[in-house]
Amino acid sequence: IRIEPGAEVNCEWRNETHPYLTGPSLVFREGALLARGQKIADLPVSQWVRVEMRASLGGQADGKWDLKLTLPDGEVRSLPGLPCDPKWKTTRWVGFCSLAANASAFYLDDVELENK
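A few words on the overall build of the protein. On a plain count of helices and strands, the protein comes out with 0 helices and 10 strands. Going from the N terminus to the C terminus, the protein shows its helices and strands as β-β-β-β-β-β-β-β-β-β. A compact globule built from 116 residues would reach a C-alpha radius of gyration of about 13 Å, and the protein, at 14 Å, matches this within 12%. Overall size of the protein, expressed as C-alpha extent along the three principal axes, is 40 × 30 × 25 Å. Residue pairs at least 24 apart in sequence account for 52% of intrachain contacts in the protein once pairs closer than 6 positions are excluded. Accessible surface, the protein as shown: approximately 7200 Å² in total, 48% of it carbon and sulfur. Taking the 14 positively charged and 16 negatively charged side chains of the protein as two groups, their mean positions are separated by 6 Å.

Now the structure itself:
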């Protein structure tokens with residue numbers, strides 16, 4: 001993902017229920033990355049950051065998920081055991097939504113989804 005000035009982006013995994021339950025979820029905001037409203041990392045603006053999100057599903061889901069960031073300088077940050085809704089067990093929707101109130105831009109490239 002590449003966040004440009006003024007952009008605010010939500011990436012969220014949801015199940016099929018109404019109201020939906022949320023699994024892994026991130027907010028990319030100019031200069032910051034948040035999980036469940038808490039800042040977990042600084043983010044560069046106008047530079048590519050590799051984001052890997054992993055979570056167990058079904059009976060192995062435990063209300064936690066793992067994040068790995070690769071920053072533009074090659075530094076890798078692993079953030080295991082981030083919390084999500086403990087009742088979330090399945091993913092039926094993965095989305096990236098702009099939360100910005102003003103014109104802004106973000107870019108996605110090489111998006112890959114795997115179910116192992």
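The next thing to look at is the pairing of strand S8 (residues 76-83). Bridge count between strand S7 (residues 64-70) and S8: 6 bridges; the pairing is antiparallel. Paired with Trp65 across the strands is Leu82, a residue of S8. Connecting the antiparallel pair S7 and S8 is a turn made up of 5 residues, with Gly74 showing a positive phi of about 95°.

So, on to the state of the cysteines. Taken as a whole and judged by the stated rule, the model has 0 disulfides. With no disulfide of its own, Cys11 lies closest to Cys97 among cysteine sulfurs, the gap being 8.8 Å. A residue is classified by how much of its surface remains accessible, and Cys11, at 1% relative accessible area, is buried. Residue Cys84 stays outside any disulfide, its sulfur separated by 13 Å from that of Cys11, the closest cysteine.

Rules and cut-offs
Residues numbered from 1 in each chain as written. Predicted model: local features only at pLDDT ≥ 70, side-chain atom pairs only at ≥ 80, totals over all residues. Heavy atoms only, no water. Helix = DSSP H or I, 4+ residues; strand = E, 2+ residues; numbered from the N terminus. Rg over C-alpha atoms; globule rule 2.2 N^0.38 Å. Contact = heavy atoms within 4.5 Å. Areas by Shrake-Rupley, 256 points an atom, 1.4 Å probe, with all protein chains shown as cover. Lys, Arg positive; Asp, Glu negative; His and termini not counted. Charge placed at Lys NZ, Arg CZ, Asp CG, Glu CD. Pairing = 2+ DSSP bridges. Disulfide = S-S within 2.5 Å. Buried < 20%, exposed > 50% of the residue type's maximum accessible area, 1.4 Å probe, protein only.

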